[in-house]
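# Results of the structural survey
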Amino acid sequence: MRPAAGTLALGAVLGLTGYLLDAEPLLVAGAGLTVLAAASSIWVALAIRGAGVERTVAERRVLEEEPLSVRITARAGALRWPGGEVHDTLLGEPAPLRPLRRAANVRVVARFARRGERELPASVLVVRDPLGLATRTVSAREAARVLVLPRTFPVRAAGGGAGVGRAAGAQALQAGAVRTEFDGLRPYREGTPAARIHWPALARGAGLLERHLRPDADARPLVILDARAPASEEALDAAVRAAASLVLELARAGGCALLLPGERRPRTVDSDLAAWPGLHARLALVASGPAPSVAALGTRRGPVLYVAARPLSRTPPAAAHSAGGRLALVVPERLAGRPAAFTVAGCHGYVARHAGRAVA
């Protein structure tokens, strides 16, 4: 039985007993309890009528361990509330409401240690009288969702410097050298260098044409994420952070591609990073699952960085063949007796010299 209903019933019993026994003290006590229970219930009912609670999340996407500002606003109804508290999963403990107020603001700074999508249940406003006889609640309209993105870290060469250095031949990318290939002719545009003018076409009377060159996307570095059978959840998170860090650094250096688990085609990230936010969000949701489809990568000629969520001592042959002999294996744990070429996000990178063989 609720406290208010129990108090009301007790008051009625005392009043009836006092009437039957002609005992005035029992009549007074019964009347007092009845009035107290009724008044508490009416006050709480009016305070909750029209009341509400809202939660405002500053960002829907946040990096791991970065602060996320959250504001919870509670409003009273027809009457000021007698007291109560605000419940929310982001609060360590319920936030008390000061009596006789019409509104309250609670500010929270939340941090999430691991990537992934977080569903935050709706906030709850609890209104109760000082004696706890009557209690009513009202919830926010809907839950909130926050996507926690994996953090990125600088890539450190074995000697301690930043950058992937010589690993997998990516030093060409750091210099901004992206190879190009001939892609036909097009009308001459003013300002085009003379070296790109197609003089044989001019000699044949075809007019002034210029060579059109396009980036050789197949020669860009490719990062492959293998999330099969991770050694632990922490190892999978480390592998995802390493893949994200490598993609971001290589993209800034000139562009690269990323092959996610279960996908057949790599996704390209250019130096303008236009595709990075979408890929970053997909990396946040990577779970243990199927192997990457490396069999379709035979046409690629660029270096491959194979990131595995489990310790491997040998590189997958299909990935090594597509790398043209330039392959780096990135794993969460150190390989005994083998020096790492670089480290990133708690993972270690080893240069493999031959397809299917142990890394050097």
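Coordinates for the structure precede this section.
Everything numeric here is computed off the predicted structure, so don't read it as measured data. Residue numbering note: each chain is counted from 1, following its sequence as written. Only residues with pLDDT of at least 70 are given local features in this predicted model, and only at 80 or more are side-chain atom pairs given and counted; all residues enter the totals for whole chains, interfaces and linings. Note: side-chain values were computed over all heavy atoms of the structure, leaving out hydrogens and water.

### Some details on the pairing of strand S9 (residues 135-139)
To keep it simple, the criterion reads: For two strands to be treated as a pair, DSSP must find no fewer than two bridges joining them. Labels follow the DSSP assignment, with helices taken as runs of H or I lasting at least four residues and strands as runs of E lasting at least two, numbered in each case from the N terminus.
Of the pairings in the sheet, the one linking strand S8 (residues 124-128) to S9 comprises five bridges and is antiparallel in character. Opposite Val 127, over in S9, you have Arg 136 as the bridge partner. The loop that links S8 with its antiparallel partner S9 comprises six residues; one of these, Gly 132, has a positive phi angle of about 75 degrees.

### Side note on the nonpolar core
Here is the rule we go by: Residue types Ala, Val, Leu, Ile, Met, Phe, Trp, Tyr and Cys, when buried and joined through side-chain atoms within 4.5 Å, form a set referred to as a nonpolar core. Note on exposure labels: buried denotes an accessible area under 20% of the residue type's maximum, exposed denotes more than 50%, and partly exposed covers the range between, all computed with a 1.4 Å probe on protein chains only.
Ile 72, Trp 81, Phe 112 and Leu 125 are the most contacted members of the largest nonpolar core, which totals 34 residues. Those elements giving two or more residues to this core turn out to be helix H2 (24-48), strand S1 (52-57), strand S3 (68-75), strand S5 (95-97), strand S6 (103-110), S8 and strand S10 (144-149). Counting residues in hydrophobic clusters, the runner-up holds 33 residues, among them Leu 225, Val 240, Val 247 and Phe 342.

### Examining the pattern of salt bridges
Just so we agree on the cut-off: The salt bridge definition used is simple: a Lys or Arg side-chain nitrogen within 4 Å of an Asp or Glu carboxyl oxygen.
The tally for this structure, following the rule as stated, stands at 14 salt bridges. A salt bridge links Arg 145 to Glu 117; its shortest N-O distance comes to 3.8 Å. Residue Arg 145 is located in strand S10, and its partner Glu 117 is located in strand S7 (residues 116-120); the two are separated by 28 residues in the primary sequence. For Arg 145, a relative accessible area of 44% puts it in the partly exposed group. Relative accessible area serves as the criterion here: at 46%, Glu 117 is assigned to the partly exposed category. Between Asp 226 and Arg 228 there is a salt bridge whose closest N-O contact spans 2.7 Å. Beyond isolated ion pairs, a larger network of salt bridges with shared partners links Arg 114, Arg 115, Glu 233 and Asp 237.

### With respect to a nonpolar patch on the surface
So the rule is basically this: Here, patches come from residues exposed beyond 30% relative accessible area and free of salt bridges, joined within 9 Å for like charges and within 5 Å for nonpolar side chains (Val, Leu, Ile, Met, Phe, Trp, Tyr). The Shrake-Rupley method, run with a 1.4 Å probe, gives the accessible areas here. Residue values count only the displayed protein chains as cover.
Taken together, the side chains of Leu 16, Tyr 19, Leu 20, Leu 21 and Leu 27 define a hydrophobic patch exposed on the protein surface, amounting to about 580 Å² of accessible area. In terms of residues, the nonpolar patch owes the most to one element, helix H1 (residues 3-21), which gives four residues. Take Leu 27: it is sitting in helix H2. Leu 27 sits in the partly exposed class, given a relative accessible area of 33%.

### With respect to the sheet that holds S5
Our working definition: Between N-to-C directions, angles span 0 to 180 degrees; the directions come from axes that are lines fitted to C-alpha atoms, helices contributing only their stretch in contact. Contacts are residue-level and defined by heavy atoms, with any inter-residue pair within 4.5 Å sufficient.
In space, the four strands of this open sheet follow the order S5-S4-S8-S9, with antiparallel pairing throughout. Each having just a single partner strand, S5 and S9 make up the two edges of the open sheet. Neighbour-to-neighbour, the strand axes of the sheet open up by a mean angle of 20 degrees, direction not taken into account. As judged from the three bridges shared by strand S4 (residues 84-87) and S5, these two strands associate in the antiparallel manner. Bridge assignment links Glu 85 to a residue of S5, and that residue is Pro 96. Lying on the sheet, H2 is in contact with S8 and S9; it crosses S9 at an angle near 10 degrees.

### What about unusual backbone geometry?
A positive phi is found at Asp 22, a non-glycine position, where the angle reads about 55 degrees. Here Asp 22 lies in the loop between H1 and H2.

### Let's talk about the sheet that holds S7
Within the open sheet, the three strands sit side by side as S2-S10-S7. Their pairing is mixed. Two strands in the sheet have a free side with no partner beyond their single neighbour: strand S2 (61-63) and S7. Adjacent strand axes in the sheet meet at a mean angle of 30 degrees when their direction is disregarded. Relative to S10, S7 runs antiparallel, the two being bridged by five bridges. From the neighbouring strand, Leu 120 faces S10, where its bridge partner is Ala 144.

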